[in-house]
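Residue-level structure breakdown
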Amino acid sequence: MALFTLRSLRKDFGIKEILKDASFSLDEGDKVGLIGTNGSGKSTLLKMIAGLEHSDGGELWINSSAKIIYLPQQPDLNEENTVLEQVFADSGEQMSLVKEYEEISDKLTHGHGDMDRLLEDLSRVSDRMDQTGAWDLETNAKIVLTKLGIDDLEAKVGSLSGGYRKRIAIASALLSSPDVLLMDEPTNHLDAMSVEWLQSYLNRYRGALLLITHDRYFLDRVTNRIIEIDRGDLYSYSGNYSYYLEKKAEAEESSQSTQRKHAGLLRRELEWLKKGPKARSTKQKARIDRAHALQATEFKQANAKVDITTAGRRIGKKVVELDLVSKSYGDRTLIKDFSYNFTPDDRIGIIGSNGAGKSTLMNMVTGRLQPDAGSVEIGTTIHFGYFDQHSDDLAEHGNQRVIDYLKDVAELVKTADGSIITASQMLERFLFPGNTQYAPISKLSGGEKRRLFLLKVLMAAPNVLILDEPTNDLDVQTLAVLEEYLEEFNGCVIVVSHDRYFLDRTVEMVFSFEPEGEVRLYPGNYSVYLEYKKDEAEAEKESSDVKEKSVKSSQKANDTSAVISEAAKPIAETKKLSQLSYKEKREYEELEAQIPKLETEKSQVEKKLYHNPPSGHSEIQKLSDRLAEITAAIEKSTERWLELAERV
């Protein structure tokens, strides 16, 4: 059954036609990803379906029985509500029943009112709560909020950051049990663990889903259909994002083949026309008409891609050296005794929960912020390009024209191949056509503003590029081009991100923010980091199991020793060991001495790797390999020791 249907929907903002003839339906169980370049109209389309934006033509039919919840990028919440009150705001009858139940219970407790009548009301409300599942409402809310990283349920919404407000809005949307969820960039401001949980939740979600997201792993694992907005037209692909990429490539190749055949046929017909044929026969007249029709045929050109070809800058051997830096705010330690020497070819990803200190570290690296302790030394050749998370620079220039904003950096731009182009030509390469270049920045979409800010950062030719949450608001097409650019970038790249796909494509080492201000280093990309964490968790569990067995064995030995007299102890020990062969006795004794040595070496290697790592990538790799060898040896030795100990 269709939940809503668009027929020939149109939208025009004057400087740009967003939708020309948009038609599609969303059915029960559909999970649709909406993609397209920044400014193509994705958010506008969601707002139109939600009833927050009018259309300029066409039809939008919505099933009157369908409950639709819209989650915008910047949710508008009641700042006076507590977290729980805000989460329950869209819960409708369930929340009303919970409140009514609490009010009746309070009156019964204090003996206010007609007791018989109150008991009847309580029974009625209880039955209705059973029918609607309202009993589970608060429990489910607490579970969802905890999974999204929110613990203080009584905090006022007005006291929370934008990231936490987004999480509250997500929780509220999920708990309202809608038939249709419209979600605009739901993974923005979520850490990796929260994204994983949301992904899992939406996989089980029974309602229909229409979402905009830059997270390509998320698109792949949640959606069963992709709709692309391309210059006002909608194109539908049945399948996830990987399927879309495959079919899109096939369609573009087919289109190019058709255009080549058309061009060849048109060339032959034009040559024939040049000979001046007379339209004396019906056949000749038809051929002339066909030649004119071929001339009039228009093909939609392949979608333009961002062209990042800015010039580079020489970088020296000394980049940035951090020596035992620490930073605290009040009684909260964000970074404690962290040391690292950045190298010119570093590709580093920085991960951690919101508020852990990632941006604080970047501000210390660039010299914007001084550490409480330790030192930061920046090389003399270093020029930072800082693509910060909030693009505060743009907010200050909202009334400035796009072209003037870029000319503040340079009117002429040197590209990677050494050629010189104008600021206007550079804007065209970043998909800002002529009419958009003379519009005020405030008229751009959120994604277009971020793309403009990225261009300004790159035009300054940095040799240390810091990208703080670069995937927020950038479309997947731009991200793909940016990933290719970073592969060839001549300098150090530092990425702060929760986007798993982007980190996998761009980084070779991960800095992980741990509790108590510890920053740990993991060689490899994000997927390799996850493997490390998985191995650590398994090793910790095995170690816990070994300790538990050891405690039980010790308790059993103590019980036995309580029965055996002091004089009989040597005899008892001799009998136990006599169950092992001479070789096994020696092996047992050697293992007892060997395991503590291995544990000591493991601790030393971990200290070097995570707390005071060498600057060279090869040295870090050697330490990582040695750590893996020691961990395997400990597991094997412990397993053998337990086997022998049981026989003892």
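Keep in mind that this is a model prediction, so the values were computed, not measured.

1. Things to note about the overall build of the protein
A tally of helices and strands in the protein yields 22 helices and 20 strands. In the protein, buried positions account for 45% of the 648 residues. By sequence separation, contacts in the protein at least 24 residues apart represent 68% of the contacts at least 6 residues apart. Surface accessibility of the protein: about 33,200 Å² in total, with carbon and sulfur atoms responsible for 48%.

2. Overview of the packing of helix 3 (residues 93–110) against helix 4 (residues 115–132)
Each pair of packed helices can be described by the angle between their axes along with the distance between the axes. The N-to-C vectors of helix 3 and helix 4 enclose an angle of 155°; their axes lie 10 Å apart at closest approach. Between helix 3 and helix 4, the crossing angle belongs to the class labelled roughly antiparallel. In terms of crossing hand, the pair formed by helix 3 and helix 4 is left-handed. The residues of helix 4 that touch helix 3, namely those facing Glu93, Gln94, Leu97, Val98, Glu100, Tyr101, Ile104, Ser105, Lys107 and Leu108, are Met115, Leu118, Leu119, Asp121, Leu122, Arg124, Val125, Ser126, Arg128, Met129 and Thr132. For the contact of helix 3 with helix 4, the class distribution of residues is 11 nonpolar, 4 polar and 6 charged.

3. Overview of a negative patch on the surface
Residues Glu531, Asp535, Glu538, Glu542, Glu635 and Glu639 make up a contiguous surface patch of negative charge. Listed by contribution, the elements that provide at least two residues to the negative patch are helix 19 (526–563) and helix 22 (617–647). In terms of residues, the negative patch owes the most to one element, helix 19, which gives 4 residues.

4. Considerations on the layout of surface pockets
Within this model, the second largest pocket holds a volume of roughly 850 Å³. Lining the second largest pocket are 36 residues, and of these Ser43, Thr44, Leu444, Ser445 and Gly446 lie nearest its centre. Elements supplying a minimum of two residues to the lining of the second largest pocket: helix 1 (42–49) and helix 16 (446–459). Here the lining of the second largest pocket is built from residues that sort into 11 nonpolar, 14 polar and 11 charged.

5. What about the confidence of the model for the protein?
Taken as a whole, the protein shows an average pLDDT of 80; of its residues, 82% reach a score of 70 or greater. Overall, residues 563–578 carries pLDDT values under 50, and its contacts beyond four positions in sequence, including any with other chains, amount to 8 contacts.

6. Looking at the pattern of salt bridges
In this structure the tally under the stated criterion is 19 salt bridges. Salt-bridge contacts for Arg500 lead to Glu196; the nearest nitrogen and oxygen are separated by 3.1 Å. Here the residue Arg500 occupies a position in helix 18 (residues 500–506), and Glu196 occupies one in helix 7 (residues 192–204), the gap between them amounting to 304 residues. Here Lys533 ties to Glu514 by a salt bridge, and the two come within 3.7 Å at their closest N and O atoms. One end of the pair, Lys533, is in helix 19; the other, Glu514, is in the loop between strand 19 (509–513) and strand 20 (519–523), and 19 residues separate them in sequence. Among the residues examined, Glu514 registers a relative accessible area of 17% and is labelled buried. Through salt bridges with shared partners, a single network forms among Arg216, Glu483, Glu487 and Arg505.

7. Quick look at helix 4
The periodicity of an α-helix, 3.6 residues per turn, causes residues three or four positions apart to be oriented the same way. The terminal C-alpha atoms of helix 4, which comprises 18 residues, lie 25 Å apart, in line with the 26 Å expected from a rise of 1.5 Å per residue. At its buried positions, helix 4 is contacted by helix 3. Where helix 4 ends, the next residue or the one after it, Gly133, has phi of about 75°, a positive value.

8. Here we look at the packing of aromatic side chains
A complete count under the given rule lists 14 aromatic pairs for this structure. Seen from the ring of Tyr217, Arg221 lies directly overhead, with NZ or CZ sitting 4.7 Å from the centre. Seen from the ring of Phe432, Arg451 lies directly overhead, with NZ or CZ sitting 5.0 Å from the centre.

9. Considering helix 6 (residues 162–175)
Spanning 14 residues, helix 6 covers 20 Å between terminal C-alpha atoms, matching the ideal 20 Å at 1.5 Å per step. Taken across its 14 residues, helix 6 has 12 buried, putting it largely inside the fold. All of the buried residues along helix 6 are Gly163, Arg165, Lys166, Arg167, Ile168, Ala169, Ile170, Ala171, Ser172, Ala173, Leu174 and Leu175. For helix 6, the elements touching its buried residues are strand 5 (68–71), helix 2 (83–87), helix 3, helix 5 (137–147), strand 6 (180–184) and helix 7. Trailing helix 6 by a residue or two, Ser177 shows a phi angle of about 50°, which is positive.

10. Describing the nonpolar core
With 53 residues, the main nonpolar core has Val83, Val87, Leu145, Leu174, Leu181, Leu198 and Leu202 as its most contacted residues. No other element matches helix 6, which puts 7 residues into this core. Look past the residues within four positions of Leu198 in its chain and what remains in contact with it is Ile170, Leu174, Pro186, Leu190 and Phe218. In this structure, Ile308, Leu482, Leu503 and Tyr529 belong to the second largest nonpolar core, which totals 43 residues.

11. Quick word on empty space enclosed by the protein
Using the criterion set out here, one finds 1 cavity of 30 Å³ or more in the structure. There is about 40 Å³ of room inside the largest cavity. Taken together, Leu34, Ile35, Gly36, Lys42, Glu185, Ile212, Thr213, His214, Leu474, Asp475 and Val476 make up the full set of residues lining the largest cavity. By residue class, the composition of the lining of the largest cavity is 5 nonpolar, 3 polar and 3 charged.

12. Structural notes on the pairing of strand 8 (residues 225–230)
A large share of strand 8 lies buried, amounting to 6 of its 6 residues. Residue alternation in strand 8 divides its side chains into two sets, Arg225, Ile227 and Ile229 and Ile226, Glu228 and Asp230, and both sets are buried. Here 4 bridges tie strand 3 (residues 31–35) to strand 8, and the two strands are oriented parallel to one another. Pairing of Leu34 across the sheet is with Ile227, part of strand 8.

13. Quick word on the sheet that holds strand 1 (residues 2–12)
Picture the strands of a sheet paired through backbone hydrogen bonds; they go either parallel or antiparallel. Across the sheet, which stays open at both edges, the 3 strands sit in the order 2-1-4 with antiparallel pairing between neighbours. Since the sheet does not close on itself, it has two edges, and those belong to strand 2 (17–27) and strand 4 (57–62), each with one partner. Neighbour-to-neighbour, the strand axes of the sheet open up by a mean angle of 10°, direction not taken into account. Direction of pairing for strand 1 relative to strand 4: antiparallel, over a ladder of 5 bridges. Opposite Arg10, over in strand 4, you have Gly57 as the bridge partner. Strands in contact with helix 1 are strand 1, strand 2 and strand 4; relative to strand 1, the strand with the most contacts, it is inclined by about 125°.

Parameters at a glance
Residues numbered from 1 in each chain as written. Predicted model: local features only at pLDDT ≥ 70, side-chain atom pairs only at ≥ 80, totals over all residues. Heavy atoms only, no water. Helix = DSSP H or I, 4+ residues; strand = E, 2+ residues; numbered from the N terminus. Buried < 20%, exposed > 50% of the residue type's maximum accessible area, 1.4 Å probe, protein only. Contact = heavy atoms within 4.5 Å. Areas by Shrake-Rupley, 256 points an atom, 1.4 Å probe, with all protein chains shown as cover. Axes fitted to C-alpha atoms, helices over the stretch in contact; angles between N-to-C directions. Parallel < 35°, antiparallel > 145°, perpendicular 65-115°, else oblique. Left-handed = near helix turned anticlockwise from the far one by under 90°. Nonpolar A, V, L, I, M, F, W, Y, C, P; charged D, E, K, R; others polar. Patch = residues over 30% accessible without salt bridge, like charges linked within 9 Å, V, L, I, M, F, W, Y side chains within 5 Å. Salt bridge = Lys/Arg side-chain N within 4 Å of Asp/Glu carboxyl O. Lys, Arg positive; Asp, Glu negative; His and termini not counted. Charge placed at Lys NZ, Arg CZ, Asp CG, Glu CD. 1 Å grid on protein atoms, 1.4 Å probe; cavity = no way out; pocket = protein on both sides within 12 Å on 5 of 7 lines; lining within 4 Å. Points joined across faces, edges and corners; volume = space filled by probe spheres on them. pLDDT = per-residue confidence, 0-100. Expected span 1.5 Å × (residues − 1). Phe/Tyr/Trp six-rings, centres within 6.5 Å; stacked < 30°, edge-to-face > 60°. Lys NZ or Arg CZ within 6 Å of the ring centre and 35° of its normal. Core = buried A, V, L, I, M, F, W, Y, C linked by side-chain atoms within 4.5 Å. Pairing = 2+ DSSP bridges.

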